[in-house]
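The primary structure of each chain is shown beneath.
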Amino acid sequence: MKSSINPGEILDVLKKRIAGFEPSAEEDEIGRVLSAGDGVASIWGLNSILSGELVEIETDDGEIVNAMAMNLEEESVSVVLFSDYEKVKEGNVAKRTDSVASVPVGEGLLGRVVDPLGNPIDGFGEMKSSANSRVEVKAPGIISRENVTEPLQTGIKAIDAMIPIGRGQRELIIGDRRTGKTAIAIDTIINQKNCDPKERVHCFYVAIGQKRSSVVQIMEKLKKYDAMEYTTIIAATASDPASLQYLAPYSACAMAEYFRDSGRHALIIFDDLTKHSQAYREISLLMRRSPGREAYPGDVFYLHSRLLERAAKMSEEFGGGSLTALPIVETQDGDVSAYIPTNIISITDGQIFLEDALFNSGLRPAINVGISVSRVGGDAQLKAMKQTAGSLRLDLAQFRELAAFMQFSSDLDKSTKKQLDRGERLTEILKQPQYEPIDVFKQIIILKAGISGRFDKYPTVKLRLYQRELFAYVDKNEPDFMQKLRKVGELTDEIEKELNKIYDDFEKTFNPETMETGVDAGYTVNMALAMSQGHSGFNRDMLQLVERITGRELASPSLEEELEQIIGGEDTLEKDRFDKLVDSCLIIDSDKEEVMKVVFKHVAEKMALSTDSDADEIYSKLVAREEQTSTALSPFFSIPHIVSEGEDEFDMVIMRSKKGIFFSDAAPHVHALFFLFGSLDQRHFHLVTLSAIAQIIQTPTFETGWLKASGIEELRELILSSERKREKTGK
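Rules of the game
Residues numbered from 1 in each chain as written. Predicted model: local features only at pLDDT ≥ 70, side-chain atom pairs only at ≥ 80, totals over all residues. Heavy atoms only, no water. Helix = DSSP H or I, 4+ residues; strand = E, 2+ residues; numbered from the N terminus. Buried < 20%, exposed > 50% of the residue type's maximum accessible area, 1.4 Å probe, protein only. Contact = heavy atoms within 4.5 Å. Areas by Shrake-Rupley, 256 points an atom, 1.4 Å probe, with all protein chains shown as cover. Pairing = 2+ DSSP bridges. Axes fitted to C-alpha atoms, helices over the stretch in contact; angles between N-to-C directions. Polar contact = N/O pair within 3.5 Å; in protein donor to acceptor, adjacent residues only side chain to side chain. Parallel < 35°, antiparallel > 145°, perpendicular 65-115°, else oblique. Nonpolar A, V, L, I, M, F, W, Y, C, P; charged D, E, K, R; others polar. Core = buried A, V, L, I, M, F, W, Y, C linked by side-chain atoms within 4.5 Å. Domains from an automatic or database assignment. Phe/Tyr/Trp six-rings, centres within 6.5 Å; stacked < 30°, edge-to-face > 60°. Arc of directions from axis to C-beta. Salt bridge = Lys/Arg side-chain N within 4 Å of Asp/Glu carboxyl O. pLDDT = per-residue confidence, 0-100. Patch = residues over 30% accessible without salt bridge, like charges linked within 9 Å, V, L, I, M, F, W, Y side chains within 5 Å.

A.B. asks: Go over the overall build of the chain, please, and point to the residues and values.
C.D. replies: Looking only at helices and strands, the chain features 26 helices and 22 strands. Counting across all 731 residues of the chain, residues that qualify as buried make up 53%. Look at the contacts in the chain between residues 6 or more apart in sequence, and 73% of them connect residues 24 or more apart. When the accessible surface of the chain is totalled, it reaches about 33,900 Å², and 50% of it is carbon and sulfur.

See the structure below:
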């Protein structure tokens, strides 16, 4: 009998069945690891997984390792592993979670240190979070934004005056390694504690690829200045996998957006995006994505653009909050034309460029105002600051060009010299120590004084003293004026008139010849060491050190010649005077183990008798000097000193402590102390004495002889014989 089965019909049925086949949920959501290593894995079987979706991989030990889908390929999916990635092996089961990466957000994160997954790593226990937020979200659109008009004060004069940052802006901080990029970011965080609590900026610091010890130091500094209460640190350190370093800035952005979207203000610092790019490059190469320029994948620009575009100033309709971003990028030898720097420069609204040469010359912060810019500009600047510092950038640029040109010329006309002097003083007043942000209205009054020419009559080295005492004067005597200036926010004719009167009244009380607050012990010690080397060829740094002691201008033509005479031994009159000083000075020999302040108290009493000064005043100056910078030249020697206000005075007290005195961790056993007390008109002899002592105590046999000497006269003879031997050998 002929078969009734038609092969064509069977084929049609099979085709229909195959076409209509749908995998079951079980088959769809469970896969197997094909390969794993170096923090990435390839998984087969997760056919419907989404990009960015979280995956759970069960290891042979039964532990769960979290991962995130990155590459969606035809036959498999590549994922990045977040933790314990070395435990993932071929054949491990992988499951979809139907959720994308998210992190906890809310008030509970403030004051904490967390990892990129939102887990606390500061040892302070569990963290309370009000909600979770997706790590990757679309940046706000144009309709929901508004212009950046509110200033974000950094507390740094050079930035707030010339490169203003607005709330909602993206301002790049760029420069070579160790030029103060992180310092600017940390000072900006510290300065936010001066805000009105209603306008408080909540800060998020993202540490990418840094050492754990560096993150701990930053946390301790923020705690010291009471800034951790409104700050969260998100740390993906160098020991963490590249996947966490890649995720960290996006997680932090999600945490900061919680405050932006609730109508408040947030600041996020990415430190730094160079290491973030390198982590992404590592992941991409492991996933066999095509490398492009400098081995980065083609989407590295999109990597940072979708991150930084999330910084925004929201319109009132959308809450009026803001998220300000300060990305940090490291350059190599100042090359801003490299791939990653140019990418991020094109994304951001301006850049603060820190220059290595300026940093090494002592200009801190080392901002190159020539190529630093804020594209938001004066829109995000207080009117009073705009009125004050409008011409400051141009003045400084002209000064630097002129200074570079005039180094080849010795004859200067009066107008050129005046312009150089003004520029030098403006540069000096823009210097600012780390961790000392300044209120913007105090910045205005000190910059106004400099730009209006009030500094011209003072030596450059006196300007920081002028600033410190002016601020103290205003706080004590003019609180009503400061309140009025804050309320009005601009320099009206009336306010300018009051401000000029404040300057006049203050300058009647300001004594620029007061040296005890103008000399830093650290400069004296460094200068003494430099002068003890016995060679010529002074650089500008050397002259700046000496300037702190002498109170004289660098422009003084005799200063270099004076130093040459001291070091070359040509100043025979002062050399003889030094021998007489040693021969007549008081030497104290102690075998007690005394603390530093007890020794200072004892010496101050002895000095007061011979100099007709107040013992308590001498003691307080010695302690204040030591609190600024240790005067210990080594763990064995120290030169505490005071430059007094009297005339024709110079005294020295020498002390030997057999058991040693603790000065600092670097100088725990100081056995030889040379106390100097010299008036301003004795500054040349002060230099001679410092140079002589610094050279004597470096004699190879001095340290042994100092401890072995049997009494005061033998100690005195040891110093004199070392000096005579040095003069004889010329060393």
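A.B. asks: Describe in detail the sheet that holds strand β4 (residues 64-72), supporting the description with residues and values.
C.D. replies: Strand order in this closed barrel of six strands is β1-β2-β5-β4-β3-β6, and the pairing throughout is antiparallel. Here the strands of the sheet are splayed against their neighbours by 45 degrees on average, with no regard to which way each runs. Pairing of strand β1 (residues 30-37) with strand β6 (residues 93-100), which is carried by three bridges, proceeds in the antiparallel orientation. Bridge pairing in β6 places G31 opposite A94.

A.B. asks: Break down the environment of E428 for me, citing the residues and quoting the values.
C.D. replies: By the element assignment, E428 lies in helix α13 (residues 414-430). A residue is classified by how much of its surface remains accessible, and E428, at 9% relative accessible area, is buried. Note: C-alpha distance between E428 and G450 (22 residues apart in sequence) is 10.0 Å. Within the local environment of E428, its side chain forms a polar contact with the side chain of K431, the two groups lying 3.0 Å apart.

A.B. asks: Before we move on, could you go through the packing of helix α14 (residues 440-451) against helix α16 (residues 479-488) and cite the residues and values that matter?
C.D. replies: Packed helix pairs are specified by the crossing angle of their axes together with the interaxial distance, meaning the distance between the axes. At a minimum axis separation of 10 Å, α14 and α16 run at an interaxial angle of 105 degrees. Considered as vectors, α14 and α16 are oriented roughly perpendicular to each other. Across the interface between the two elements, F441, K442 and I445 from α14 touch M482, L485 and R486 from α16. Of the residues that constitute the contact of α14 with α16, the class distribution is four nonpolar, no polar and two charged.

A.B. asks: Give me the lowdown on the nonpolar core, citing residues and values where you can.
C.D. replies: Counting 71 residues, the largest nonpolar core has M162, I189, L222, I233, I352, L392 and Y466 as its most contacted members. Split by domain, this core shows at least three residues from each of two domains, domain 1 (147-381) and domain 2 (387-514). Excluding residues that lie within four positions of it along the chain, L222 makes contacts with I186, I189, I190, A227, M228, T231 and I233. Core analysis: the next-biggest nonpolar cluster, separate from the first, contains 54 residues, A101, A252, I283 and I344 among them.

A.B. asks: Kindly report on the packing of aromatic side chains, identifying the contributing residues and their values.
C.D. replies: According to the stated counting rule, one finds 19 aromatic pairs in the structure shown. With centroids separated by 5.4 Å and ring planes inclined at 20 degrees, the aromatic side chains of Y246 and Y280 adopt a geometry described as stacked. One end of the pair, Y246, is in helix α6 (residues 242-261); the other, Y280, is in helix α7 (residues 273-286), with 34 residues separating them in the sequence. We classify Y280 as buried; its relative accessible area is 2%. Ring geometry for F702 versus W706: centroids 5.5 Å apart, planes at 25 degrees, classification stacked. Here the residue F702 and the residue W706 both occupy positions in helix α25 (residues 702-708), the gap between them amounting to four residues, near one helical turn. The exposure classification of F702 matches that of W706, with both residues buried. A connected cluster of aromatic rings, assembled from ring pairs, spans F455, Y458, Y466, Y473, F506 and F510.

A.B. asks: Explain the environment of I142 to me, and be specific about the residues and the numbers.
C.D. replies: Tracing the sequence through the fold places I142 in the loop between β9 (131-134) and α3 (157-162). The class of I142 is exposed, set by a relative accessible area of 75%. A C-alpha to C-alpha distance of 9.8 Å links I142 and S315, two positions 173 residues apart in sequence.

A.B. asks: Any chance you could break down α16 for me, citing the residues and the numbers?
C.D. replies: All of the buried residues in α16 are F481, M482 and L485. Down the axis, α16 shows its buried residues gathered within 100 degrees of arc, on one side only. In α16, the exposed residues that point more than 90 degrees away from the buried face are D480, Q483 and K487. Of the residues flanking the end of α16, it is G489, one or two places downstream, whose phi is positive at about 80 degrees.

A.B. asks: Can you lay out the pattern of salt bridges for me, pointing to particular residues and giving the numbers?
C.D. replies: Summed over the entire model, instances satisfying the criterion amount to 36 salt bridges. Residue K275 pairs with D272 through a salt bridge whose shortest N-O separation is 3.3 Å. Accessibility expressed as a relative area gives 5% for D272, which makes it buried. Residue E617 is joined to K621 by a salt bridge in which the shortest nitrogen-to-oxygen separation is 3.1 Å. You can see E617 and its partner K621 sitting in helix α23 (residues 615-628), four residues apart, about one turn around the helix. Take E617: its relative accessible area is 40%, and that puts it in the partly exposed class. By relative accessible area, K621 is classed as buried at 16%. Via salt bridges that share partners, R145, R170, E309 and D349 belong to a single interconnected network.

A.B. asks: Report on the side chain of Q169, specifying residues and quantitative values.
C.D. replies: Here Q169 lies in the loop between α3 and β10 (172-175). Here E171 takes part through its side chain, which lies 2.8 Å from a polar atom of the side chain of Q169. A distance of 3.0 Å separates the side chain of Q169 from the side chain of S374, its partner in a polar contact. Among residues more than four places away in sequence, those in contact with Q169 are V148, P164, A311, L323, T324, A325, D349, S374, R375 and V376.

A.B. asks: With reference to specific residues and values, describe helix α8 (residues 300-308).
C.D. replies: The α-helix advances 3.6 residues per turn, and as a result positions three or four apart in sequence lie on the same side. Burial analysis of α8 places seven of its nine residues in the buried class, which makes it a mostly covered element. Looking at α8, one finds that the buried residues are V300, L303, H304, S305, R306, L307 and L308. For α8, the secondary structure elements touched by its buried residues are α6, β13 (265-271), α7, β15 (322-330) and α9 (339-347).

A.B. asks: Explain the environment of N119 residue by residue, including any values.
C.D. replies: Take N119: it is sitting in the loop between β8 (113-114) and β9. The exposure class assigned to N119 is partly exposed, which follows from its relative accessible area of 39%. Put simply, N119 and V103 are 16 residues apart on the chain and 8.7 Å apart in space, counted from C-alpha to C-alpha. Other than its neighbours up to four places away in sequence, N119 contacts V113 and V114.

A.B. asks: Please provide a residue-by-residue account of the confidence of the model for the chain, values included.
C.D. replies: On average, the chain scores 84 in pLDDT, and the residues at 70 or more come to 86%. Contacts for the low-pLDDT stretch residues 514-526, under 50 throughout, to residues beyond four places or in other chains number 42 contacts. For the stretch residues 532-559, pLDDT sits under 50, and the model shows 60 contacts to residues farther than four places along the chain or on other chains.

A.B. asks: Describe in detail a nonpolar patch on the surface, supporting the description with residues and values.
C.D. replies: Among the surface-exposed residues, I10, L14 and I18 lie close enough to one another that they form a single nonpolar patch of about 310 Å² accessible area. Position of L14 relative to the elements: it lies in helix α1 (residues 7-19).

A.B. asks: Give me the pairing of strand β11 (residues 201-208): which residues, what numbers.
C.D. replies: Most of β11 sits out of view: eight of its eight residues are buried. Bridge count for β11 against β13 is seven bridges, and the pairing is parallel. From the neighbouring strand, Y205 faces β13, where its bridge partner is I269. As judged from the six bridges shared by β11 and strand β12 (residues 231-236), these two strands associate in the parallel manner. Of the residues in β12, the one forming a bridge with A207 is A235.

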